[in-house]
Amino acid sequence: MWTCIDYQIDFLLFAACCVGGLMTLRRWLQRRRRDGMAFDTCLVLSMLVLVAGYFCLCSVDREQRDNLINHMNAFASTYAGELEKLGHSNVPDDVDPETSDYQRLEDAQRRWLEANSFLSDIYTLRRSTSGRTVLVVDSATDYNRNGIIDDPREERTTPGEEYIGFSDPVAASAVSQAFDGYPSFISEPYTDRWGTWVTALHPMLNSDDDVEAIVGVDFPAAVWGRQIFNARLSVIGILAVMESLLLGASAMIAMTRFHLSEQQIAANRLQQFKTTLDQTLDSVFMFSTDNYQCIYVNEGAKQLLGYSEEALLQQTALQIAPKMAAETFAELTSALQSGTHQLFTLETFHRHSHGHDIPVELSLQYVSQSTDRPRFVAIVRDITERRAIEKELMIAARLDRLTGLPNRALFTDRLKQFMERTRKIPGYKFALMFLDFDRFKIVNDSLGHDVGDALLQEIASRLKNNLSTTDSISTLADGTTVSRLGGDEFVVILDDIDGLETACKAANALIAALGEQYQLGDHQVRSTASIGIVCSSPEYERAEDMVRDADTAMYEAKARGKACYVVYDNSMRVAADRRLQTENDLRMAIGTDQIFLDWQPVISLEDGELNGAEALIRWRHPTRGVMNPDLFLPIAEETRMILPISDWVLNAACDQFVRWRAESPTEAPRYVCVNLAYQQLMQPDLAVRVLSVLREHRMQPEQLQLEVKESELMKNRVVAGATLHALATHGIRLAIDDFGTGYSSLACLQEFPFSVLKMDRSFIANLNEGHEVIAVAHSVVTLADNIGISCVAEGIEDPVQLAVLQSMNCSYGQGNFLCPPGPADNIRKKQWLRSHHAASDMLMSDTELQEFSLLTIT
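Everything quoted here is computed from the prediction, not taken from an experiment.

*Asks:* So what exactly am I meant to see when it comes to the overall build of the chain here?
*Replies:* What the chain contains, in helices and strands, is 30 helices and 26 strands. Per-residue burial for the chain yields a buried fraction of 46% across its 858 residues. Summarising the internal contacts of the chain: among those between residues at least 6 apart in sequence, 63% fall at separations of at least 24.

Listed below in structure tokens is the structure:
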């Protein structure tokens, strides 16, 4: 009880109850969507009640404590004065309890205790000469108020016994204060062996007005706390009544305001509902459930059907929608009334006052309320415009937006129809042509997409205009289909042909017409077509297979030089499947020992010494043996597998070079040659990647030579130039490979930082054909010497070629005559020395060189 008061737990519980009541009121109002103003007012007043109640409670608590303390102090003072008169100072500490003086004091104690039921004990304490606090008078006390002293703690204490009840520091301080002559009160409960108390202490004086003892009056702490708690409880009770009145009043006010607002809202809603129904674009009909008679129509219904409100209210739902059968309408309304369906939405027709029918979307619902008779509500929307748009969208979804030709979806449907005819009609034939336009991407990239789109539109026009009347179509009409699949890919289905010759004739006509110059605004463009043809066959079961074969034939036409047509045969599918299998096998081979390097030395034609070694990639296929790079590198470049393959080649070449240098520094090549692919040239960080590999293998930049074909440079000169200059800046050797085969060979030498020129093997192979070839080759050697770069002749296959090149003072060469490509160990065998010495005996003078060229041309 004392702890409850001390920590204000009673008030906190009351505050928690108030908060709980407020939250309950709030949930109740929210659940019923009532006005929140009453709650806000109640919340504010409740806070005021709690604040005011707290201060009031503290005041009552303080007053009650003061009253109790004053009461006990007065009691202790009065009792001390009586003991002084009874001669307490004459009683020694160890007085005999049987003496008359002690009995007189004990009788006085008993009388005072009987007169004050709240007190538990009265006793006197004295300080002995030894400084101990001893009891002087302490009679037996009936703590339980049952008239029987039967508890050991109620027995009389022996006079002179040391009192140890005031062990608490606060209580001990109060005792010292009383012995100093000042009344004191221990208001904080303390506990001794007899119980828990609050105590009033008052000094007693002897004849000399000196403090000879103190009177202690014990008050049970539980009774003390209960007295205070009862006073506080009365205040809390008043506060609780006030809070209950606030909550109840708030709920009643909220309900009253709600009912008043509901009535107003209902009236406003009814008016708004009528206004909304009249202003909505949809038509609203309400009709009865028995005879379907209209009982309400809005303004939209009158405008939709052209009737007045009186005329509509005289009609039934079946008269408004005459095309709906009475049995069907009865089934719908029956399902709604039974509850099996909540809503029906369907499309039907309503009859206008002028007699024509209007397509509408009808949403039908059954409404049943206890306050009104049940009815059907129909919301009707005019869908005339929507049906027109849907028809346009259906057509647009099957035609290409740019060219107006049937798109892929419509083409596929048509192709399936033609294939079905092939299976059902004996002798029926058709052909499928797949067209792809050469150089379209160049037009798109250089002149822009607008010009590219214009080109596609012109192509579509020529396709439609250059097919025979029975073979052309650009709309949804029946006949042969010209379609655009996407990009610059078109397909033509030649319907009901006599045979393959008809298809070939049509293809030739298209190639001629499509290859003529296009005038696109200010631009003149040429773009020829490559065509693949496949004839119908009952063996084709899927449209996709027929398109696939036509596509395969088209790619074969591109491979044969473009601007031509190719008729599909099964060997093309075998080749395509083989190519796909090669691609899959190559993916599996990357990172395995199937990929390896052969090496071909670069020899000094002057002294036969080893100059460099070129890394040549090989693939040891599990079933096809060692494959020529021409069979798999184009596939790798097309699928971008060339990037991981090239990274592996660079690392493997550097690793082999380091091993050569470690095994025999004097006989190792001065550098290794590695070919760069186009995709590598397009990497902006190629120089960083190459330098990282060199650092990893501890190689110098000049120990690596990167070779680039002229044709690769011309694909994107800007990016390729930036990459090559970055490599050259760091000291890496750069070589232009297959020099002389392009139209810009000399420009390449001026624009790019090459240090090596590799003469194309076609010059070397044709040295025996006459002085023109020799003159060209000699000019290439002279050119390299004049601009200060090395010249390497590729493809030396016989001693005559070697002798001629030596006579031209060509610096370096490589070829099968000197040393064919082989494993790294062949480099140390130096087999090229034998070929070099044999050719040196054939070395010609300048005069002999000229005579040789004259003989060969003769």
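So much for the structure itself; the text now carries on.
*Asks:* What is the right way to read the environment of Asn816 from this model?
*Replies:* With respect to the helices, strands and loops of the structure, Asn816 is situated in the loop between β26 (812-814) and α28 (826-829). The class of Asn816 is partly exposed, set by a relative accessible area of 38%. In this structure the C-alpha to C-alpha distance between Asn816 and Glu797, which are 19 residues apart in sequence, comes to 5.5 Å. When neighbours within four sequence positions are excluded, Asn816 is seen to be in contact with Gln600, Ile796, Glu797 and Pro821.

*Asks:* What is the right way to look at the pairing of strand β21 (residues 671-675) in this model?
*Replies:* Across the five residues that make up β21, a large majority, four, are buried. When strand β19 (residues 610-621) meets β21, the two strands line up parallel, connected through three bridges. Bridge pairing in β21 links Ala613 to Val672. Relative to strand β22 (residues 704-709), β21 runs parallel, the two sharing four bridges. Among the inter-strand pairings, Cys673 is bridged to a residue of β22, identified as Gln705.

*Asks:* Teacher, can you tell me more about a nonpolar patch on the surface here?
*Replies:* On the surface, a nonpolar cluster with roughly 260 Å² of combined accessible area is contributed by Val44, Leu45 and Leu48. Note on placement: Leu45 falls in helix α3 (residues 37-85). Relative accessible area serves as the criterion here: at 35%, Leu45 is assigned to the partly exposed category.

*Asks:* Which parts of the structure should I look at to understand the packing of aromatic side chains?
*Replies:* Aromatic rings considered in pairs are described by the distance between their centres and by the relative angle of their planes. With the rule as written, the count across this model stands at 15 aromatic pairs. Through pairs of rings, three or more aromatic residues link up here, namely Phe287, Tyr292, Phe329, Tyr366 and Phe376. The ring centre of Tyr671 lies 3.9 Å from the NZ or CZ of Arg733, which sits over that ring.

*Asks:* Sorry if this is basic, but what is going on with the sheet that holds strand β11 (residues 431-437) here?
*Replies:* Backbone hydrogen bonds hold the strands of a sheet together, and the pairing may be parallel or antiparallel. If you trace the five strands from one edge of the open sheet to the other, you get β12-β13-β11-β16-β17, paired in mixed fashion. Each of the sheet's edge strands pairs with one partner strand only, and the pair in question is β12 (482-486) and β17 (565-567). Strand-to-strand twist of the sheet, defined as the mean angle between neighbouring strand axes without regard to direction, takes the value 20°. Bridging between strand β16 (residues 529-535) and β17 involves three bridges; their strand directions are parallel. Paired with Ile533 across the bridge in β17 is Val567. In the packing of helix α15 (residues 500-514) onto the sheet, contacts are made with β11, β13 (489-494), β16 and β17, and the angle to β16 comes to roughly 165°.

*Asks:* Teacher, can you tell me more about the packing of helix α12 (residues 408-424) against helix α16 (residues 543-559) here?
*Replies:* For any two helices packed against each other, the geometry is given by the interaxial angle and the distance between the axes. As a packed pair, α12 and α16 sit with axes 9 Å apart at the nearest point and diverge in direction by 100°. It follows from the interaxial angle that α12 and α16 lie roughly perpendicular. Facing Phe411, Thr412, Leu415, Lys416 and Met419 of α12, the residues of α16 in contact are Ala543, Met546 and Val547.

*Asks:* What should I look at first to understand the pattern of salt bridges in this one?
*Replies:* Oppositely charged side chains can pair when the atoms bearing their charge come close. This structure, assessed with the given rule, holds 35 salt bridges. Residues Glu299 and Lys302 are paired through a salt bridge, measuring 2.9 Å at the closest nitrogen-oxygen approach. Remark: Lys302 and Glu299 occur in helix α7 (residues 299-305); sequence separation between them is three residues, near one turn of the helix. Note that Lys424 and Glu420 form a salt bridge whose closest N and O atoms lie 3.3 Å from each other. Highlighted residues: Lys424 and Glu420, both in helix α12, separated by four residues, approximately one helical turn. For Lys424, a relative accessible area of 62% puts it in the exposed group.

*Asks:* How should I be thinking about a negative patch on the surface in this particular structure?
*Replies:* A grouping of Glu84, Asp208, Asp209 and Asp210 is seen on the molecular surface, where their side chains present a negatively charged patch. With respect to the element layout, Asp209 can be found in the loop between β4 (195-205) and β5 (211-220). Asp209 sits in the exposed class, given a relative accessible area of 59%.

*Asks:* Looking at this model, I keep getting lost on the nonpolar core. Mind explaining?
*Replies:* A general feature of soluble globular proteins is that nonpolar side chains tend to end up buried together. Residues Trp599 and Leu727 are the most contacted members of the largest nonpolar core, which totals 80 residues. By residue number, the principal contributor to this core is helix α19 (residues 642-663), which donates ten residues. Ignoring any residue separated from it by four or fewer positions in sequence, one finds Leu727 in contact with Leu676, Leu686, Ala687, Val690, Leu706, Ile732 and Leu734. Grouped together as the second largest cluster of nonpolar side chains are 31 residues, Val443, Ile459, Phe490 and Val525 included.

*Asks:* Help me understand the environment of Ser527 in this model?
*Replies:* Along the polypeptide, Ser527 turns up in the loop between β15 (523-525) and β16. For the pair Ser527 and Arg439, spaced 88 residues apart in the sequence, the C-alpha separation amounts to 5.8 Å. What Ser527 contacts, discounting residues up to four positions off in sequence, is Phe437, Asp438, Phe440, Leu455, Leu514, Gly515 and Tyr518. Within the local environment of Ser527, its side chain forms a polar contact with the backbone oxygen of Asp438, the two atoms lying 2.7 Å apart.

*Asks:* In this structure, what is going on with the pairing of strand β23 (residues 733-739)? I would like to understand it.
*Replies:* One face of the sheet, then the other: side chains in a regular strand alternate in exactly this way. Among the seven residues that make up β23, six are buried, leaving the element largely enclosed by the rest of the structure. Pairing of β22 with β23, which is carried by five bridges, proceeds in the parallel orientation. Residue pairing across strands places Val708 opposite Ile736, the latter belonging to β23. Where β23 and strand β24 (residues 756-759) come together, three bridges link them in parallel fashion. Opposite Ile736, over in β24, you have Leu757 as the bridge partner.

*Asks:* Explain α16 here, please?
*Replies:* Since the α-helix turns once every 3.6 residues, residues separated by three or four places project in the same direction. For α16, spanning 17 residues, the distance from its first C-alpha to its last is 25 Å, which sits close to the expected 24 Å at 1.5 Å a residue. In this fold, the buried residues of α16 make contact with α12, β11, β16, β17 and α17 (570-589). At the C-terminal side of α16, Gly561 shows a positive phi close to 120°.

*Asks:* Can you help me understand unusual backbone geometry in this one?
*Replies:* Negative phi values dominate among residues other than glycine, just as trans dominates among peptide bonds. Even without glycine at this site, Arg640 takes up a positive phi of about 65°. Of note, Arg640 is situated in the loop between α18 (629-638) and α19.

*Asks:* Would you mind going over the sheet that holds strand β3 (residues 184-192) with me for this structure?
*Replies:* Pairing within the open sheet is antiparallel, and its five strands lie in the order β2-β1-β5-β4-β3. Two strands in the sheet have a free side with no partner beyond their single neighbour: β2 (133-135) and β3. Each strand of the sheet is rotated relative to its neighbour by a mean of 35°, with strand direction disregarded. As paired strands, β3 and β4 are joined by six bridges and run antiparallel to one another. Residue Asp192 lies in a different strand from β4, and its bridge partner there is Gly195. Against the sheet, helix α5 (residues 169-179) makes contact with β1 (121-127), β2, β3, β4 and β5, and its axis sits at roughly 140° relative to β5, the strand it touches most.

Conventions adopted
Residues numbered from 1 in each chain as written. Predicted model: local features only at pLDDT ≥ 70, side-chain atom pairs only at ≥ 80, totals over all residues. Heavy atoms only, no water. Helix = DSSP H or I, 4+ residues; strand = E, 2+ residues; numbered from the N terminus. Buried < 20%, exposed > 50% of the residue type's maximum accessible area, 1.4 Å probe, protein only. Contact = heavy atoms within 4.5 Å. Pairing = 2+ DSSP bridges. Patch = residues over 30% accessible without salt bridge, like charges linked within 9 Å, V, L, I, M, F, W, Y side chains within 5 Å. Areas by Shrake-Rupley, 256 points an atom, 1.4 Å probe, with all protein chains shown as cover. Salt bridge = Lys/Arg side-chain N within 4 Å of Asp/Glu carboxyl O. Phe/Tyr/Trp six-rings, centres within 6.5 Å; stacked < 30°, edge-to-face > 60°. Lys NZ or Arg CZ within 6 Å of the ring centre and 35° of its normal. Axes fitted to C-alpha atoms, helices over the stretch in contact; angles between N-to-C directions. Parallel < 35°, antiparallel > 145°, perpendicular 65-115°, else oblique. Lys, Arg positive; Asp, Glu negative; His and termini not counted. Charge placed at Lys NZ, Arg CZ, Asp CG, Glu CD. Core = buried A, V, L, I, M, F, W, Y, C linked by side-chain atoms within 4.5 Å. Polar contact = N/O pair within 3.5 Å; in protein donor to acceptor, adjacent residues only side chain to side chain. Expected span 1.5 Å × (residues − 1).

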